[in-house]
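# Analysis of the macromolecular model
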Amino acid sequence: MDELLEYHQELFDLCSIGAEANATFPQEGFFEYAHEMLGDAGVLDNIEYCPYVNSRLGIKIDGYSWNELEKVINIICIDYTNERDIIESLTNEMIKKAGERVTRFIEKIGDQRFYESLASTDPGRDAFNLISEFIDSAIKFRVVLMTDKTLSTRVKKIEMPAILELPTSLEIWDLDRFKLLDKSDSDFEEFTVDLSQWGDGVKVLPANVASTGVSTYLGVMPGALLSEIYNEFGQRLLESNVRTFLDFRAGTNRGMRKSLVQEPENFFAYNNGITVTASSIKTQENAGQTYVTEIENMQIVNGGQTTAAIYFSPRESGSIKGVSGEKRFKDIDLNEVFVQMKLTVVGDKKASDVMKANIATFANSQNSIQLSDLVSNHPFHLNIESRSRTQLVPSGIDGIPTKWFYERARGQYNTQKRALSSAQVRKFEMEYPKSQVFSKTDMAKYENTWRMKPHVVKKGAQANLKALGSEIITEFDASPDDFGVNFYKDLVSKMILFRHSDQAIKTSDWYKENTGLKAETVTYTLALLRASVLEENKDINLDLIYQNQSLSSSLTSLIVELARVVRTNIDDPAFRGGVANPSEFCKSEKGWSKIKNMTVDLSNLSSEDIINTAQIEARAKEQKELTKASKSISYLEQVMQVTSMEWSLIGKYNSAIYPPSHANVGIPMKCASFLNGGSMPSDKQLKIAMEIRKNAYSDGFDFLS
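Okay, so let's go over this structure. Remember, it's a predicted structure, so these values are computed and weren't measured experimentally.

Bringing the environment of Leu-636 into the picture now. Looking at where Leu-636 falls in the secondary structure, it is placed in helix H26 (residues 613-640). Along the backbone, Leu-636 and Met-680 are 44 residues apart, and their C-alpha atoms lie at a distance of 9.1 Å. Residue contacts for Leu-636: discarding those within four places in its chain leaves Phe-674, Met-680 and Leu-686.

Here it is in structure tokens:
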């Protein structure tokens, strides 16, 4: 079967099953699929589903979001065929029509009669409010067309006229593009920055062209070119950056803006420049000079603030008074601005994440900025991945023991399946059901909801992952033992709590009568529930959830009812206290503080669903003992994997350095005796034994010789 058609059928089945289970339309299932994938890849985050159609006015939109970093209003339109065995083509006429429908809606902003014609429950009203709120701050519109069709080969160029005099781009995600992203093993969508479209490219000097697959170049990046690149690719350039742009409130950023206004020709001298990584580049020689003409997967790992300052400063309103008089920001001449660029090309995909993380850390170390990204190969991730491949969970209501599958890197689940025969695939899917696959961003969403930070969760998948990373890496590095089997079991329980709650809310009668704001409702409801339970010196019983692999009916009922109240309040302008858009309200600490102060009636909660203070203390003690026991078992297993002869020789090797009574001699001899039927060493001795063995090899001991 054709690979693209097979993917199309998988997508159809996924959307249909989801629609049937949730009593919704397949189009919404397609939106959820696309939203999750693009959010995980950092392409388009935190969009709201908003199916609004007005055939009489020729209007159709399906979603919206405000990108605060790029100052871009995103409008989503969906073209879903709901066909399984036929792949249709997306033509130029279809694209043009979709763009016109979106344009007509945006042009209605400010039309009070149109606004009043929208029912209070109409999703179009929320989109209207968001655009109205941010239209004065926006510098660009982006129309995103998501479809299960394939882009026709006759479509050569996609153009989108300006809307409300703001530059507007049209981005198409068709079946081919979704398949490419879904089947890749990368955490982001690969892209090419074609520098030749803006001129000759960037002149560089080879600084370290190595045979190891890592090469470095030094060059000078024109400010105008850097601005154009950011205008096209936006925050996709900054995925590996350890900073976020904090507008011009920070002193460094105000200083850069001032330099751009008053001394653009000296910006190069004042600024440290940018550090860029790439998976590959194309170069050409011109008059004896090397020019970079293409950069694959360009990432600005240091210098994100510089890049954003160059891009946003000319787009700011206002001016600065100086010695030579008042100068407006919009008069900044970026043709006079240049920055130093260090470009490192890392061809090895496996080494790329490590290299980018190290470059980012070392490049920023002078400013005391620590890496907060949870990069895929961090021991925290490796730990979860390892446990997910070995830890069987209870059978639950289905009666079949299974495992959860952690995708430490994108596409691991499908990659593993592709290497199997049909019979092996069936066995694999029974062991690791598709419904039990979870990614890094999933994990961060569940964990930060449990940590009662719903406003951070609502900032989007990538932003939430970064926020959790800054905390959890510190915690993991300080005490990795706390992230053992108990942590993993609790994580599985948190996933079940979130996913079952999401499903229960989605299929509830009150939600089906008035859909929308589900993402906000789920994370806020669960965070509020836990905060309320903790107020009574109790906690949610994760052990019960893990054992049943499900939620009790009493807990489910309470969550669904509480969610109804939470969503009603989020949707109430009076409750939001002047914040026009519910989604923006839910991204703020103010929003969480307001929700957290709600009174929650826990009287209908079963005693089994919660644990009291004594049980919390007993659970902590038991988990500590289990952790200690598992460590002891681990050390015991490690000691037993070494032969008695090797332990004996290590003891003899150390006896040439230490007296017979020294631990470096006695403990290896005790391990040798234990393996020959003697008494078992203590937990402390088992741990020390492995250190002694490691040090012996470091000092020159060689068992084979």
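So much for the structure itself; the text now carries on.
Once that is clear, we can look at empty space enclosed by the protein. Counting across every chain of the model gives 5 cavities of 30 Å³ or more. Residue lining of the largest cavity: 14 residues in total, with Pro-123, Asp-126, Thr-515, Gly-516 and Leu-517 positioned closest to the centre. A per-class count over the lining of the largest cavity returns 4 nonpolar, 5 polar and 5 charged. The computed volume of the second largest cavity comes to approximately 50 Å³. Around the second largest cavity sit Tyr-446, Thr-449, Trp-450, Lys-494, Leu-497, Phe-498 and Leu-526, which together line it. Put simply, the parts of the chain that give the lining of the second largest cavity at least two residues each are helix H15 (440-450) and helix H18 (485-506). Classifying every residue of the lining of the second largest cavity gives 5 nonpolar, 1 polar and 1 charged.

Another aspect to go through is the nonpolar core. Within the largest apolar cluster, 59 residues are counted, with the highest numbers of intra-cluster contacts made by Ile-384, Phe-438, Leu-497, Leu-529 and Ile-595. Here this core gets 10 residues from one element, more than from any other, and that element is H18. Apart from residues lying up to four places away in sequence, Phe-438 is in contact with Ile-384, Trp-404, Phe-405, Tyr-406, Glu-407, Met-443, Tyr-488, Leu-491, Met-495 and Arg-499. Judged by nonpolar contacts, the second largest core, of 40 residues, contains Ile-139, Tyr-217, Ala-308 and Ile-320.

It is worth spelling out unusual backbone geometry at this point. Excluding glycine, residues mostly carry a negative phi; peptide bonds, for their part, are mostly trans. You will see that Ala-287, though not glycine, has its phi angle at about 55 degrees, which is positive. Position of Ala-287 relative to the elements: it lies in the loop between strand E12 (280-286) and strand E13 (289-296). Assessed through its relative accessible area of 80%, Ala-287 is described here as exposed. The backbone of Leu-517 shows a phi angle near 60 degrees, a positive value even though the residue is not glycine. As for its placement among the helices and strands, Leu-517 is situated in the loop between helix H19 (509-513) and helix H20 (518-535).

This paragraph deals with the environment of Pro-161. Within the secondary structure, Pro-161 sits in the loop between strand E6 (150-151) and strand E7 (168-173). Judged by its relative accessible area of 59%, Pro-161 falls in the exposed class. Pro-161 sits 62 residues away from Gly-99 along the chain, and the two C-alpha atoms are 8.8 Å apart.

Our next topic: the side chain of Lys-458. Assignment of secondary structure puts Lys-458 in the loop between helix H16 (454-457) and helix H17 (461-478). Here the side chain of Lys-458 touches Glu-520 through a polar contact of 3.2 Å, side chain to side chain. Discounting residues that sit within four places of it in the chain, Lys-458 has contacts with Asn-46, Glu-48, Ala-519, Glu-520, Thr-523, Tyr-524, Ser-583, Cys-586 and Lys-587.

This brings us to the side chain of Asp-126. Mapped onto the secondary structure, Asp-126 falls in helix H5 (residues 123-134). For the buried residue Asp-126, which engages in no salt bridge, the nearest side chain bearing the opposite charge is Arg-576, 5.7 Å off. Apart from the residues lying within four places of it in its own chain, the contact partners of Asp-126 are Tyr-64, Asp-571, Asn-581 and Pro-582.

Turning our eyes to something else, we now look at the packing of helix H27 (residues 644-655) against helix H29 (residues 683-699). Across the interface, H27 lies against H29 with an axial gap of 11 Å and an inter-helix angle of 65 degrees. Remark: the crossing between H27 and H29 carries left-handed chirality. Listed contacts from H29 to Glu-646, Trp-647, Ile-650, Tyr-653 and Asn-654 of H27 are Ala-689, Met-690, Ile-692, Arg-693, Ala-696, Tyr-697 and Asp-699. Here the contact of H27 with H29 is built from residues that sort into 8 nonpolar, 1 polar and 3 charged.

The space that makes up the second largest pocket amounts to roughly 1100 Å³. Taken together, 37 residues make up the lining of the second largest pocket; nearest its centre are Glu-171, Arg-177, Glu-232, Phe-233 and Arg-236. With 5 residues, E7 is the largest single contributor of residues to the lining of the second largest pocket. Looking at side-chain class alone, the lining of the second largest pocket contains 14 nonpolar, 9 polar and 14 charged residues.

Analysis parameters
- Residues numbered from 1 in each chain as written.
- Predicted model: local features only at pLDDT ≥ 70, side-chain atom pairs only at ≥ 80, totals over all residues.
- Heavy atoms only, no water.
- Helix = DSSP H or I, 4+ residues; strand = E, 2+ residues; numbered from the N terminus.
- Contact = heavy atoms within 4.5 Å.
- 1 Å grid on protein atoms, 1.4 Å probe; cavity = no way out; pocket = protein on both sides within 12 Å on 5 of 7 lines; lining within 4 Å.
- Points joined across faces, edges and corners; volume = space filled by probe spheres on them.
- Nonpolar A, V, L, I, M, F, W, Y, C, P; charged D, E, K, R; others polar.
- Core = buried A, V, L, I, M, F, W, Y, C linked by side-chain atoms within 4.5 Å.
- Buried < 20%, exposed > 50% of the residue type's maximum accessible area, 1.4 Å probe, protein only.
- Polar contact = N/O pair within 3.5 Å; in protein donor to acceptor, adjacent residues only side chain to side chain.
- Lys, Arg positive; Asp, Glu negative; His and termini not counted.
- Salt bridge = Lys/Arg side-chain N within 4 Å of Asp/Glu carboxyl O.
- Axes fitted to C-alpha atoms, helices over the stretch in contact; angles between N-to-C directions.
- Left-handed = near helix turned anticlockwise from the far one by under 90°.

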